[in-house]
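# A look at the structure
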Amino acid sequence: MNAVETLMAPERERVRVRGTVQGVGFRPFVYRLALQLSLAGWVLNDAEGVLAEVEGDPRAVEDFVSRLAAEAPPLARVESVERQSREPLGTRGFAIEASRGGQAATAVTPDAATCPDCLAELLDPKDRRHGYAFINCTHCGPRFTITRGVPYDRPLTTMAPFRMCPACDAEYHDPLDRRFHAQPDACPDCGPRLAFLGEDGLPREGDPVALALALVRAGKVVAVKGLGGFHLVCDARNVRAVARLRAAKHREEKPFAVMVANGASLADFARVEGEALRLLESRERPIVLLPKVTGCDERLPGVAPGVSELGAMLPYTPLHWLLFREAARTPADARWTREPQDLVLVMTSANPGGEPLVTGNEEALKRLAGLADAWLVHDREIGARCDDSVVRPTAGGAVFVRRARGYTPRAIRLPRAGPSILAGGGYLKNTVCLTRGNEAFLSPHIGDLDNGASCEALEEAVRHLIDILEVEPEACARDLHPDFFSSRFIAAFAQERGLAVTAVQHHHAHAAAVLAEHGREGPALALSLDGVGLGTDGKAWGGELLRVEGADFRRLGHLGSIRLPGGDRAAREPWRMAASVLHALGRGGEIASRFERPAAPVVAEMLQRGTNCPETTSAGRWFDAAAGLLGLRDVTAFEGQAAMQLEALAASHGPVAACPTLWGIGIDGTLDLLPLAARLAEVKDAAYGASLFHATLVEALTEWVVEAARREGLATVALGGGCFMNAILSRGLEERLRESGLEPLGAREVPAGDGGLALGQAWVSLLENC
């Protein structure tokens, strides 16, 4: 360094950092970085994020600014770094100053999986937190699920009852410690504790983790308290234990998710590579849907029958890691965490009867009696109910099936700011949404609103979002269907406060959700394919081609109508949909002989007379019809099962060529799939038929959309609705649309199905109220 460089005049800059930068160790990171670069100044939290001033060598200042985003703490999400020159003050030293008040423009961060440093301490016999089930730091641990209000300080979390011991308090106040201002910080001397309760609900002596694992190994079911609720846990390799859990939950065939120690432990069950492995090991730790390998169902009998994917996740709490450590016979080092382990656990949500997750200890003893043989609990309360997230890895990144733990309440950036909107979502797979400025915040997955407890959970989720975001809604949005509980709740909420309500058509909301997350206002085409949604004509829609622009939409076309013999019952019995298309083909006389169902002659008569056979344009019912025609199943055990099995069968067969004579497009924009149904009715090889259905549907939809794009002069196509959970359909259609010169937009930040409806409703209402 020469004399000129040595004598360079110091510079001072004010730096504003926006994003998720509070409660994630950002200030101590800034503090350490400034000390490392010999910079003077200060850093603090305020309503807009983090604010700092630094003074020193210009090169050091430049290095400081460039490293803020590049080296930010793991849980931070830096959205912008703004800088402004200031007059040098000649100050010395660097300090973390007291936070400044004002309404927060930041948010509580999502829960995060145990970080490598905490895991190492958990497994280190010499560490004071060795074996402690609640170890955490600023880089990991509970956040959203312990928060009762803001600011995010310990008194407003469920850690408030636990007063820190001197050792933890010293860490908490040391800027150079990674537990500086870690609100859940605790240790065995001052923090939450585990307990093991037997079948009678009374505590048992001994190591709670060892007792729980011994019971699981013996084929029993243990209710384990997690971050956002309880899991029901059993040995996934034990066919009797799995069958007993299914019977107790009244969950005959719906797939269970499993937990294993690491990706290597999945080798005998599923393919884990690339994006899938990244998602499994991410700090969000979702359930990841993985392609099964040959022999999976034999090795894990009854866990995920009839589908082509296995839902799997890795440990994300210290308690999970302790269960796997116990199974590994408590080795003295941590090498086992990277090596294949034998233990495979079914980890299913403890939500009996489809109701919300159980969260409280007393509640668990009452509601899970008869399902669980014992309870592994602790004395830290759960502040916010939050289920596991479920994602499917794709070449374009993760696609959500369920968005909850690890991602909630992460903000979704909107194309423009506007008044705060509260949106109530739909009836199935409900979530609610609250906007603040140009951000949208989706609640965790709530579920189907077919019981009182789920309806109460919706109300609870609304209150919690309002509290942690410190914002009062200025307008509301709901589904067009007035009788959903979510619609009635929003109407009452708005009336009490004198707020306007926007009723958003179901398929318009699906399209708007996709456009919102991609930062688009339109005009654009939209293809909304799902099970059902109330149309503006009062009929059941579900296969819609729309033009969307701002808060408005126009229906350009729809799938050909088919009848629902028996109404909603037809959605649960694919053979009825198969009978419906046979009748539409003029082959109603075959119904009674083709389907060995007692009601077959009655259904044929109903279709002939048009009695209790409402029409629908639903794409989901076409999937059911295909499954029924191919003989896959007559009755489903859970929503979407027939479509999932149809997809699995197509995947096992492999691709086939589409037949261009199996569809037609009418001058009124109707896409007719009856020729395809006629072909499937004659197919003897069900796997070939499933593959033909998918291939032909992709080509038919492509032609339909391309023709509309040319007529409307548009090139962007939003793809929304639950049918796009089908990987063969979504991947194939996106590829074909791109090859045709169009720009397909799929759901990425929210589920394509009804779990994303609230975002679309909120976006339409925001545009309408701007």
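Residues numbered from 1 in each chain as written. Predicted model: local features only at pLDDT ≥ 70, side-chain atom pairs only at ≥ 80, totals over all residues. Heavy atoms only, no water.

### Focus on the overall build of the chain
Just so we agree on the cut-off: For helices the rule is a DSSP run of H or I covering at least 4 residues; for strands it is a run of E covering at least 2, with both sets numbered from the N terminus onward. A radius of gyration in this sense is built from C-alpha atoms; the matching globule rule multiplies 2.2 Å by the number of residues raised to 0.38. Between buried and exposed lies partly exposed: a residue is buried under 20% and exposed over 50% of the maximum accessible area for its type, with that area taken using a 1.4 Å probe on protein chains only. The accessible surface values rely on the Shrake-Rupley method and a 1.4 Å probe; as for residues, cover is taken only from the protein chains in view. Neither His nor the chain ends contribute to the count of charged residues, in which Lys and Arg are positive and Asp and Glu negative. Charged side chains are reduced to one point each, which is NZ for Lys, CZ for Arg, CG for Asp and CD for Glu.
Broken down by element type, the chain carries 23 helices and 29 strands. Relative to the compact-globule value of 27 Å for 770 residues, the chain shows a C-alpha radius of gyration of 28 Å, a close match. With respect to the three principal axes, the spread of C-alpha positions in the chain is 90 × 65 × 55 Å. For the chain, with 770 residues in total, the buried portion stands at 59%. Total accessible area on the chain stands at roughly 29,500 Å², and carbon and sulfur atoms take up 50% of it. Once the 84 positive and 99 negative side-chain charges of the chain are each reduced to a mean point, those two points are 2 Å apart.

### Let's talk about the sheet that holds strand β8 (residues 230–235)
Stated precisely, the cut-off is as follows: Pairs of strands are assigned from DSSP output, requiring at least two bridges between the strands. For every element, the axis is a line fit to its C-alpha atoms; helices are fit only across the contacting stretch, and the angle between N-to-C directions ranges from 0 to 180 degrees.
One open sheet holds the 10 strands; their spatial order is β6-β13-β7-β8-β12-β9-β11-β10-β14-β15, and the pairing between them is mixed. On the outer flanks of this sheet lie β6 (194–197) and β15 (397–402), each paired with one strand and no other. Here the strands of the sheet are splayed against their neighbours by 35 degrees on average, with no regard to which way each runs. Pairing analysis gives 3 bridges linking strand β9 (residues 257–259) to strand β11 (residues 309–313), with the strands arranged parallel. Pairing of V258 across the sheet is with A312, part of β11.

### Some remarks on the state of the cysteines
Our working rule: A pair of cysteine sulfur atoms is labelled a disulfide when the two atoms are within 2.5 Å.
Inspection of the entire model under this criterion finds 0 disulfides. The thiol sulfur of C190 is not disulfide-bonded, and the nearest other cysteine sulfur, from C168, lies at 3.7 Å.

### Here we look at the side chain of Q641
Formally: Contacts between residues were defined by any pair of non-hydrogen atoms, one from each residue, lying within 4.5 Å.
Checked against the element boundaries, Q641 lands in helix α19 (residues 641–653). The contact partners of Q641, leaving out residues within four places of it in the chain, are E253, R633 and T636.

### Re helix α10 (residues 318–327)
It helps to recall that an α-helix has 3.6 residues per turn; residues three or four apart then point in one direction. Burial analysis of α10 places 8 of its 10 residues in the buried class, which makes it a mostly covered element. Buried within α10 we find P318, L319, H320, W321, L322, L323, F324 and R325. Phi turns positive one or two residues past the end of α10, at R329, with a value near 65 degrees.

### Notes on the pattern of salt bridges
Put simply, the test is: Only one rule defines a salt bridge in this text: a Lys or Arg side-chain nitrogen within 4 Å of an Asp or Glu carboxyl oxygen.
By the definition in use, this model includes 57 salt bridges. Measuring nitrogen to oxygen at the nearest pair gives 2.6 Å for the salt bridge that ties E544 to R555. With E544 in strand β22 (residues 540–549) and R555 in strand β23 (residues 552–559), the pair connects residues that are 11 residues apart, well separated along the chain. On the basis of relative accessibility, which here comes to 26%, the residue R555 falls in the partly exposed class. Where R576 meets E573, a salt bridge forms, and the shortest distance between an N and an O atom there is 2.7 Å. Since its relative accessible area comes to 5%, R576 is described here as buried. Ionic contacts of the salt-bridge type, sharing partners, join the residues E121, R128, R129, E171, R178, R179 and D185 into one network.

### A few points about the pairing of strand β12 (residues 345–349)
For β12, a buried count of 5 out of 5 residues is recorded, marking the element as mostly surrounded by other parts of the structure. Of the two faces of β12, the one holding L345, M347 and S349 and the one holding V346 and T348 are both buried throughout. Note that β8 and β12 share 5 bridges and pair antiparallel. Pairing of D235 across the sheet is with L345, part of β12.

### Some thoughts on the sheet that holds strand β19 (residues 475–479)
Reading across the sheet, the 5 strands line up as β16-β18-β17-β19-β20 and stay open at both edges, with mixed pairing between neighbours. In this open sheet, the two edge strands, each paired with only one partner strand, are β16 (412–418) and β20 (501–504). Shown here is a sheet whose adjacent strand axes are inclined to one another by a mean of 30 degrees, direction ignored. Both β19 and β20 contribute to a ladder of 4 bridges, which runs parallel.

### Re the pairing of strand β29 (residues 743–746)
We apply this condition: With strands facing away from the observer, any crossover in which the path from the first strand over the helix to the second runs clockwise is taken as right-handed.
Where strand β28 (residues 716–720) lies against β29, 4 bridges are found, and the strand directions are parallel. Within β29, the residue paired with L719 across the bridge is G746. Crossover connection from β28 via helix α22 (residues 727–739) to parallel β29: handedness right-handed.

### With respect to the environment of H694
Our working definition: The definition of a polar contact used here is a pair of N or O atoms within 3.5 Å, where within protein one atom must be able to donate a hydrogen and the other to accept one, and adjacent residues in sequence count solely through side-chain atom pairs.
Relative to the assigned elements, H694 resides in helix α21 (residues 686–712). For H694, a relative accessible area of 3% translates into the label buried. In this structure H694 touches F623, L646, E647, A650, N726 and I728, once residues within four positions along its chain are discounted. Reaching out from H694, the side chain makes a polar contact with the backbone oxygen of A690 at a distance of 2.8 Å.

### Considering the environment of A384
Tracing the sequence through the fold places A384 in the loop between β13 (374–378) and β14 (390–394). For the pair A384 and G567, spaced 183 residues apart in sequence, the C-alpha to C-alpha distance is 37 Å. Discounting chain neighbours no more than four positions away, the residues touching A384 are F144, T145, G228 and H464.

### A look at the packing of helix α18 (residues 619–629) against α21
Put simply, the rule reads: For classification purposes, angles smaller than 35 degrees are called roughly parallel, those larger than 145 roughly antiparallel, those between 65 and 115 roughly perpendicular, and all remaining angles oblique. In this scheme, a crossing is called left-handed if the near helix is turned counterclockwise away from the far one by less than a right angle; it is called right-handed if the turn is clockwise. Under the scheme applied here, ten amino acids are nonpolar (Ala, Val, Leu, Ile, Met, Phe, Trp, Tyr, Cys and Pro), four are charged (Asp, Glu, Lys and Arg), and all others, including Gly, are polar.
Running from N to C, α18 and α21 point in directions that differ by 150 degrees, and their axes come no closer than 11 Å. In terms of orientation, α18 and α21 fall into the roughly antiparallel class. In this structure, α18 meets α21 at a crossing whose hand is right-handed. Here α18 contributes W622, F623 and A626 to the contact with α21, which in turn contributes F693, H694 and L697. Its residues assigned to classes, the contact of α18 with α21 shows 5 nonpolar, 1 polar and no charged.

### Regarding unusual backbone geometry
Along the chain, T408 connects to P409 via a cis peptide bond; the corresponding omega equals 5 degrees. Within the secondary structure, P409 sits in the loop between β15 and β16. Each neighbour pair has its own omega, and for G522 with P523 the value is 5 degrees, a cis peptide bond. Structurally, P523 is set in the loop between α14 (506–517) and β21 (524–534). In this structure, H250 is a non-glycine residue whose phi angle is positive, near 55 degrees. Structurally, H250 can be placed in the loop between α7 (239–249) and β9.

### As for the nonpolar core
Applied cut-off: For this analysis, a nonpolar core means a set of buried residues of the types Ala, Val, Leu, Ile, Met, Phe, Trp, Tyr and Cys, connected via side-chain atoms within 4.5 Å.
Counting 76 residues, the largest nonpolar core has L527, L701 and L729 as the members making the most contacts within it. With 13 residues, the single largest contributor to this core is α21. Sequence-distant contacts of L701, that is, excluding residues within four places in its chain, are made with L527, L529, L671, L729 and L733. Counting residues in hydrophobic clusters, the runner-up holds 46 residues, among them I135, F196, L289 and V390.

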